[in-house]
Amino acid sequence: MGLIHGGYEAKADGFLPGGASLHSCMTPHGPDTKTYEATIALGNEAGPQRIADTMAFMFESCLIPRICPWALESPSIDPDYYQCWIGLKSHFTCELTNRELQNGYNQAN
C-alpha cells in the first residue's frame, strides 16, 4: 500500500505521501485504531463518503514477497508501525440462541 498524494483516511496520522506499508500474505491489517473507532462511533450515520484530493494504491497478492537486505536495513523503517492498532477493541457481539443457553453454553468458550 502506498500514498502518492494527499492523505490516507485509514491511517489518520503519520502516513505521508511517499510512504508505503507492506503486509505479508495472510497478515491482518486495516484502518488504525483512531480511524476505526471514529467510524464506529458514527453508528448508522457512517454511510458512504467521497474521498477527494488524494491518490493511494494497493497491490494484493497471494504470493509471499521477499524483502532484500537493503530494504530491511533502511533507516526509513518504522519499527513502531504496529502500535497504530494498540487499543483496538472488538465491536462484535455474540447473541446466543435459547437452545445454546439451555445447553449451558459459556461465552468464554
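Residues numbered from 1 in each chain as written. Predicted model: local features only at pLDDT ≥ 70, side-chain atom pairs only at ≥ 80, totals over all residues. Heavy atoms only, no water.

Caption draft 1: Broad picture of the overall build of the protein chain. Tallying secondary structure elements over the protein chain gives three helices and two strands in all. Going from the N terminus to the C terminus, the protein chain shows its helices and strands as β-α-β-α-α. Every one of the 109 residues in the protein chain was classed for burial, and the buried ones make up 10%. For the protein chain, contacts bridging at least 24 residues in sequence account for 60% of all contacts bridging at least 6. Surface accessibility of the protein chain: about 9300 Å² in total, with carbon and sulfur atoms responsible for 57%. (Helix = DSSP H or I, 4+ residues; strand = E, 2+ residues; numbered from the N terminus. Buried < 20%, exposed > 50% of the residue type's maximum accessible area, 1.4 Å probe, protein only. Contact = heavy atoms within 4.5 Å. Areas by Shrake-Rupley, 256 points an atom, 1.4 Å probe, with all protein chains shown as cover.)

Caption draft 2: Spatial organisation of the layout of surface pockets. What the largest pocket holds in volume is close to 1300 Å³. Lining the largest pocket are 41 residues, and of these Ala-20, Ser-21, Leu-22, His-23 and Tyr-81 sit closest to its centre. For the lining of the largest pocket, the secondary structure elements donating two or more residues are α1 (33–41) and α2 (69–72). Classifying every residue of the lining of the largest pocket by side-chain character gives 22 nonpolar, 13 polar and six charged. In this model, the second largest pocket occupies a volume close to 210 Å³. Glu-9, Ala-10, Pro-31, Thr-35, Tyr-36, Thr-39, Leu-42, Ala-46, Gln-49, Arg-50 and Ile-51 are the residues that line the second largest pocket. Of the residues that constitute the lining of the second largest pocket, the class distribution is six nonpolar, three polar and two charged. (1 Å grid on protein atoms, 1.4 Å probe; cavity = no way out; pocket = protein on both sides within 12 Å on 5 of 7 lines; lining within 4 Å. Points joined across faces, edges and corners; volume = space filled by probe spheres on them. Nonpolar A, V, L, I, M, F, W, Y, C, P; charged D, E, K, R; others polar.)

Caption draft 3: Spotlight on the side chain of Ser-21. Mapped onto the elements, Ser-21 comes out in the loop between β1 (2–5) and α1. Once residues within four sequence positions are removed from consideration, Ser-21 is found in contact with Met-1, Phe-15 and Tyr-81.

Caption draft 4: Highlighting the confidence of the model for the protein chain. When pLDDT is averaged along the protein chain, the result is 81, and 90% of the positions lie at 70 or above. The weakest mean pLDDT in the protein chain belongs to helix α3 (residues 98–102) at 69; the strongest belongs to β1 at 91. (pLDDT = per-residue confidence, 0-100.)

Caption draft 5: Layout of a nonpolar patch on the surface. A cluster of nonpolar side chains, namely Ile-4, Met-55, Phe-57 and Phe-59, defines an oily patch on the protein surface of about 450 Å² accessible area. By the element assignment, Met-55 lies in strand β2 (residues 55–57). Residue class for Met-55 comes out partly exposed when judged on its relative accessible area of 48%. (Patch = residues over 30% accessible without salt bridge, like charges linked within 9 Å, V, L, I, M, F, W, Y side chains within 5 Å. Salt bridge = Lys/Arg side-chain N within 4 Å of Asp/Glu carboxyl O.)

Caption draft 6: Region of the structure containing the packing of aromatic side chains. For the structure shown, the criterion picks out three aromatic pairs. Considering the side-chain rings of Tyr-81 and Trp-85, the 5.2 Å spacing of their centres and the 90 degrees angle between planes classify their relative orientation as edge-to-face. (Phe/Tyr/Trp six-rings, centres within 6.5 Å; stacked < 30°, edge-to-face > 60°.)

Caption draft 7: Broad picture of the environment of Cys-25. With respect to the secondary-structure elements, Cys-25 resides in the loop between β1 and α1. A sequence separation of 36 residues divides Cys-25 from Ser-61, and the C-alpha atoms of the two residues are 7.1 Å apart. Every residue in contact with Cys-25, bar those within four places of it in the chain, is listed here: Ser-61, Cys-62, Leu-63 and Ile-64.

Caption draft 8: Region of interest: the environment of His-29. Mapped onto the secondary structure, His-29 falls in the loop between β1 and α1. Placed 53 residues apart in sequence, His-29 and Tyr-82 show a C-alpha to C-alpha distance of 9.5 Å. Ignoring any residue separated from it by four or fewer positions in sequence, one finds His-29 in contact with His-23 and Trp-85.

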